[in-house]
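Coordinate analysis (summary)
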Amino acid sequence: MYVRYLNQIMTIVTLILLVAECVHSQENVQEQPSSPAQDFKQAIRSGYYSQANEQLTSLLSVSPDDPELLYWKGRLLLHKNWCASKEQRENLKEDYAQSQSLFEKAIALDPDKPLYYHWLSRCFFRQKKYESALAILGIMEEKFPKYAETFAARGTLKYVYYFDSDSIVGDGIVKQEIYSDLKKAYKLSPNNCFVLIKLAQMYRAFGEWGRALAALNKCESLIVESGDDGWEKHGSSVLADVYSSQAGLYTVKNNPTEALLRINKAIALDPSDGSNYYMRACIEYQFKCQMATVKDDLELAKKLCPMLTDYKEYNDLVEKVSELPEERDAESGGEIDSHVRETANPL
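The structure contained in this document is the topic of the report that follows. Nothing here was measured: the structure is a model prediction, and the numbers come from that model. (Residues numbered from 1 in each chain as written. Predicted model: local features only at pLDDT ≥ 70, side-chain atom pairs only at ≥ 80, totals over all residues. Heavy atoms only, no water.)

1. Some details on the overall build of the protein
Our working definition: Every helix listed is a DSSP run of H or I at least four residues long, and every strand listed is a run of E at least two residues long, numbered separately from the N terminus. Throughout, exposure labels follow a simple rule: accessible area from a 1.4 Å probe, protein chains only, divided by the maximum for the residue type, with under 20% read as buried, over 50% as exposed, and the rest as partly exposed. What makes two residues a contact is simply this: any of their non-hydrogen atoms within 4.5 Å. Using the Shrake-Rupley algorithm and a 1.4 Å probe, accessible areas are obtained, with residue cover drawn only from the displayed protein chains.
If you tally the helices and strands in the protein, you get 17 helices and 0 strands. The 347 residues of the protein split such that 56% are buried. Counting contacts in the protein only where the partners sit at least 6 residues apart, residues at least 24 apart contribute 66% of the total. Summed over its atoms, the accessible surface of the protein is roughly 15,400 Å², and 48% of this surface lies on carbon and sulfur atoms.

2. Describing the packing of aromatic side chains
Short version of the rule: Two rings from Phe, Tyr or Trp (for Trp, the six-membered ring) form a pair when their centres sit within 6.5 Å of each other. Planes less than 30 degrees apart are called stacked, planes more than 60 degrees apart edge-to-face, and all others tilted.
In this structure the tally under the stated criterion is 12 aromatic pairs. Taken together, a centroid distance of 5.5 Å and an interplanar angle of 65° make the contact between Y117 and F144 edge-to-face. Of the two residues, Y117 is situated in helix α7 (residues 114-126) and F144 in the loop between α8 (130-143) and α9 (148-164); the sequence distance between them amounts to 27 residues. Neither Y117 nor F144 differs from the other in exposure class; each is buried. Ring geometry for Y159 versus F206: centroids 6.1 Å apart, planes at 85°, classification edge-to-face. Here Y159, found in helix α9, pairs with F206, found in the loop between α11 (193-205) and α12 (209-224); they are 47 residues apart in sequence, far enough to count as distant. Note on Y159: relative accessible area 7%, which makes it buried. Three or more aromatic residues link up through ring pairs in this structure, and these residues are F40, Y71, W72, F103 and Y116.

3. Some points on the environment of N315
The condition is simple: Counted as a polar contact is a pair of N or O atoms within 3.5 Å, where, for protein atoms, one must be capable of donating a hydrogen and the other of accepting one, and residues adjacent in sequence contribute only when both atoms are in side chains.
Its location among the elements puts N315 in helix α17 (residues 312-322). Residue classification places N315 among the partly exposed residues on the basis of a relative accessible area of 34%. In sequence terms N315 and L298 are 17 residues apart; their C-alpha atoms lie 9.6 Å from each other. A polar contact is formed between the side chain of N315 and the backbone oxygen of Y311, at a distance of 3.2 Å.

4. Digging into unusual backbone geometry
Here K128, not a glycine, exhibits a phi torsion of approximately 65°, which is positive. Examined against the element boundaries, K128 turns out to sit in the loop between α7 and α8. With phi around 60°, N254 is a residue other than glycine that occupies positive phi space. Within the secondary structure, N254 sits in the loop between α13 (236-252) and α14 (256-269).

5. Digging into the nonpolar core
What counts here: Put simply, buried Ala, Val, Leu, Ile, Met, Phe, Trp, Tyr and Cys residues joined by side-chain atoms within 4.5 Å make one nonpolar core.
Y71 and I283 are the most contacted members of the largest nonpolar core, which totals 82 residues. For this core, the element with the most residues is α11, which contributes 9 residues. By size, the runner-up hydrophobic cluster in this structure holds 20 residues, among which are Y278, L298, C305 and V321.

6. Some remarks on the environment of Y179
Position of Y179 among the secondary structure elements: in helix α10 (residues 172-188). A relative accessible area of 9% places Y179 in the buried class. When the C-alpha atoms of Y179 and Y203 are compared, they prove to be 9.1 Å apart, with 24 residues separating the residues in sequence. If we skip the residues at most four places from it in the chain, Y179 touches M202, Y203, F206 and E208.

7. Some thoughts on the environment of M279
Along the polypeptide, M279 turns up in helix α15 (residues 274-287). Through-space distance from the C-alpha of M279 to that of S245 is 9.4 Å; in sequence the pair is 34 residues apart.

8. What about α17?
To be explicit about the condition: Summarising the geometry, the arc corresponds to the directions from the helix axis toward the C-beta atoms.
Buried within α17 are the following residues: Y314, L317 and V321. All buried residues of α17 lie within an arc of 65° about the axis, which places them on one face of the element. Of the exposed residues in α17, those oriented more than 90 degrees away from the buried face are K312 and S322.

9. Observations concerning the packing of α14 against α15
Under the convention used in this document: Here the axes come from fitting lines to C-alpha atoms, over the contacting stretch only for helices, and the angles between their N-to-C directions go from 0 to 180 degrees. Relative orientations are named as follows: roughly parallel for angles under 35 degrees, roughly antiparallel for angles over 145 degrees, roughly perpendicular for angles from 65 to 115 degrees, and oblique for any other angle. Here a crossing is taken to be left-handed if its near helix is turned anticlockwise relative to the far helix by less than a right angle, and right-handed if that turn runs clockwise. Three classes are used, and their members are as follows: Ala, Val, Leu, Ile, Met, Phe, Trp, Tyr, Cys and Pro are nonpolar, Asp, Glu, Lys and Arg are charged, and the others, Gly among them, are polar.
Two elements in contact, α14 and α15, have axes separated by 10 Å at closest approach and are oriented at 160°. Our classification of the angle between α14 and α15 gives roughly antiparallel. As α14 packs across α15, the resulting crossing turns out to be left-handed. Taken together, the residues of α15 that come into contact with α14 (itself represented by P256, A259, L260, I263, N264, A266 and I267) are N276, Y277, M279, R280, I283, E284 and F287. Of the residues that constitute the contact of α14 with α15, the class distribution is 10 nonpolar, 2 polar and 2 charged.

Structure, rendered in structure tokens:
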């Protein structure tokens, strides 16, 4: 039973992080500041999509052929729909088509910006058009052979592609292809947090937990010390993803105290990421600690990240928790230190 729940946690969180790629929304978070962002870029990165849309619409009315504005409008459409469920995505096809068109137009106007290609690839990825996404990354490799992010993105995209295609992920050839790209990315930019996170995700997916934790620990140090060499500097939301990933690994190591400390740090840094609440619910349920909060965490996870309902693992846990007797809700595992929930329920 223990192994089953560990696999449940690691599989679902790996997939959510690979798909979500550090996209977070603040628009459903309570008590927003009145002026959450100084410009549309900060607004998008912080999840204030309505504000960003107003600013971009105004700017594009004056400069409709500005490639950077077109690029950011495309990002906005992807960001705000990133955590949509499968059912919701059926109603978002026009947004994805518009996002794709915006990236393509930006590239036509300025073909020398790697981020334009990178986000066009992510647009295809989100629609599960994996071959199209890989084709764009191939173009990036030819045009920008020194950009580590190209190879890191391609390695993780291959993992999701093979997973969704029901291929044997652990097959030697597949694993060799994935690691080849990721190692090339690391060689090009060893202090790049995007690369380190992708590398850690793949180490974790293939059961190399010690190497995954080492990559995450290095990434944590780089973010805290502002030593990240990536093309986009990362902040608290990415550090939150690092803590969440560390929590999963400490769970595998059967260290619930450290796992809960880490996941609570993640939630404190980024209370808008639904996958963190799901992770905490899995840890609490597995180790039978703070059972009264499991249902709340699962419900909040669904509200913030509807795409969780696409996964059998999430739905199975919801069903198991719903069948618990009421008196069990009050149980708390004696092995868990009381201070591990100091940052619980920050919303």
